[in-house]
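# Report on the structure
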Amino acid sequence: MRVWAIANQKGGVGKTTTTLALGRGLAMRGHRVLLVDLDPHASLTRAFGVATDPQPAGVLDLFDEQPPALASLARATEIENLSFIAAQTPLATLERRSATQPGLGLALSNALARGGHAWDFVLFDCPPTLGLLMVNALAAADHVIIPTQTEPLALHGLKGMCRTADMIQRSRHRVLPVSILPTLYDKRTRTGADTLKAMQDEYGERVWNDAIPNDTRICSVDALTRSSPAAQYPGRGLSAYRRALDWLLLTEARDTEQAA
Ligand SMILES: Nc1ncnc2c1ncn2[C@@H]1O[C@H](COP(=O)(O)OP(=O)(O)O)[C@@H](O)[C@H]1O
Ligand SMILES: [Mg+2]
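Given the structure is predicted, the values throughout are model-derived calculations rather than measurements.

## Section: helix H1 (residues 15-28)
Across its 14 residues, H1 extends 20 Å between first and last C-alpha, which sits within 8% of the 20 Å expected from 1.5 Å per residue. Counting buried residues in H1 gives twelve out of 14 residues, a clear majority hidden from the surface. Among the residues of H1, Lys15, Thr16, Thr18, Thr19, Leu20, Ala21, Leu22, Gly23, Arg24, Gly25, Leu26 and Ala27 are the ones counted as buried. The positive-phi residue at the C-terminal boundary of H1 is glycine 30, with phi of around 95 degrees.

## Let's talk about the site of ligand 1
Near ligand 1, the surroundings consist of 14 residues, among which Gly12, Thr16, Thr17, Pro213 and Asp215 are the closest. In the environment of ligand 1, an oxygen atom lies 3.0 Å from a nitrogen or oxygen atom belonging to the backbone of glycine 14. Contacts to ligand 1 include threonine 17, whose side-chain N or O atom sits 2.6 Å from an oxygen atom. For ligand 1, the accessible surface in isolation is 560 Å², of which the surrounding protein chains cover 75%. The class makeup of the residues in the shell around ligand 1 is six nonpolar, six polar and two charged.

## Let's talk about the sheet that holds strand E7 (residues 178-183)
Read from one edge of the open sheet, seven strands run E3-E4-E2-E5-E1-E6-E7, paired in mixed fashion. Looking at the sheet topology across the chains shown, the edges are occupied by strand E3 (75-76) and E7. Bridge count for strand E1 (residues 2-6) against strand E6 (residues 143-149) is three bridges, and the pairing is parallel. Directly across from tryptophan 4, in E6, lies its bridge partner histidine 143. Packed on one face of the sheet, H1 meets E1, strand E2 (33-37), strand E4 (82-85), strand E5 (121-125), E6 and E7 and runs near 165 degrees to E5. Relative to the sheet, helix H11 (residues 235-259) contacts E1, E5, E6 and E7, its axis offset from that of E7 by approximately 165 degrees.

## Describing empty space enclosed by the protein
Under the defined criterion, the tally for this structure stands at one cavity of 30 Å³ or more. Its boundaries defined by the atoms lining it, the largest cavity holds a volume of some 30 Å³. In terms of residues, the lining of the largest cavity owes the most to one element, helix H5 (residues 107-115), which gives three residues. For the lining of the largest cavity, the per-class residue count stands at seven nonpolar, no polar and no charged.

## Focus: unusual backbone geometry
Of all residues except glycine, most have a negative phi; of all peptide bonds, most are trans. Here the residue pair aspartate 53 and proline 54 is connected by a cis peptide bond, since its omega of 0 degrees sits within 30 degrees of zero. Positionally, proline 54 belongs in the loop between helix H2 (43-47) and helix H3 (70-73). Of note in this structure, alanine 42 is not a glycine but carries a positive phi near 55 degrees. When you line up the elements, alanine 42 lands in the loop between E2 and H2. Positive phi, normally seen in glycine, also occurs at leucine 184, with a value near 50 degrees. Along the chain, leucine 184 turns up in the loop between E7 and helix H8 (190-203).

## Considering the nonpolar core
Counting 46 residues, the largest nonpolar core has Leu38, Phe63 and Phe124 as its most contacted members. For this core, the element with the most residues is helix H6 (residues 132-140), which contributes six residues. Contact partners of phenylalanine 63, with chain neighbours within four places excluded, come to Leu94, Arg97, Gln101, Leu104, Ala107, Leu108, Leu132, Leu133 and Asn136. By size, the runner-up hydrophobic cluster in this structure holds 32 residues, among which are Ile79, Ala86, Leu123 and Leu238.

Criteria and cut-off values
Residues numbered from 1 in each chain as written. Chains lettered and ligands numbered in written order. Predicted model: local features only at pLDDT ≥ 70, side-chain atom pairs only at ≥ 80, totals over all residues. Heavy atoms only, no water. Helix = DSSP H or I, 4+ residues; strand = E, 2+ residues; numbered from the N terminus. Expected span 1.5 Å × (residues − 1). Buried < 20%, exposed > 50% of the residue type's maximum accessible area, 1.4 Å probe, protein only. Near = heavy atom within 4 Å. Polar contact = N/O pair within 3.5 Å; in protein donor to acceptor, adjacent residues only side chain to side chain. Areas by Shrake-Rupley, 256 points an atom, 1.4 Å probe, with all protein chains shown as cover. Nonpolar A, V, L, I, M, F, W, Y, C, P; charged D, E, K, R; others polar. Pairing = 2+ DSSP bridges. Contact = heavy atoms within 4.5 Å. Axes fitted to C-alpha atoms, helices over the stretch in contact; angles between N-to-C directions. 1 Å grid on protein atoms, 1.4 Å probe; cavity = no way out; pocket = protein on both sides within 12 Å on 5 of 7 lines; lining within 4 Å. Points joined across faces, edges and corners; volume = space filled by probe spheres on them. Core = buried A, V, L, I, M, F, W, Y, C linked by side-chain atoms within 4.5 Å.

See below:
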């Protein structure tokens, strides 16, 4: 099992889209994939047509004192090999509970240790805040993928996210590789190209040397959560995600080799 955290402390950078596109890509290559929605806004959950009111069974249950088995929370999707665990709105109240209930920082790591073996890949769609949920995801992760908008203001958020990943890496005494995925790229603008160059200058080979373009077809939930249409009409966005996935898998293989 490999665990990827799709994270950025900024909202609207393409985290949920990236989680869906990479998860779908891995599943279509025959891997057993579990997506976990950690955002109280539950965009990923709603993309799969699960309503948040009434509250569905989901990731919050993993923070109970007697948590259920991971597999009992996983929902199948239309895409073969792809399942997901829903987010619930009260996830937002978890921070308060962590003051009185110790050990909550490792709830997801513990859940994966008990039941994660049923999947080849587990992808966490992180919330845009540095709190208990993000800490849980980073503590459990083998690889952090940071989608970053190609605009100057995003560079600041990227730095913050890298610092967070570094902090978690030091506290858990295990290497936590970071990969940066430029998103929402508009090649017609000077700003886009300049920001991409600035990212590459600063983070070198940790940045993908390509970018996910602005592609409105990618916004179509159907393209990412259903089995057929996107396969027929791949579009620029999805084919870029396919190349990004190739790169991430290569990077991961290289990191593993270096660690051995
Ligand atoms: N490559 C893209 N091209 C066009 N729109 C995109 C692209 N990636 C994401 N979006 C849209 O941008 C918005 C924010 O993306 P989302 O994945 O929800 O970001 P986050 O999870 O970081 O908040 C959504 O409306 C999404 O459909
Ligand atoms: Mg999101």
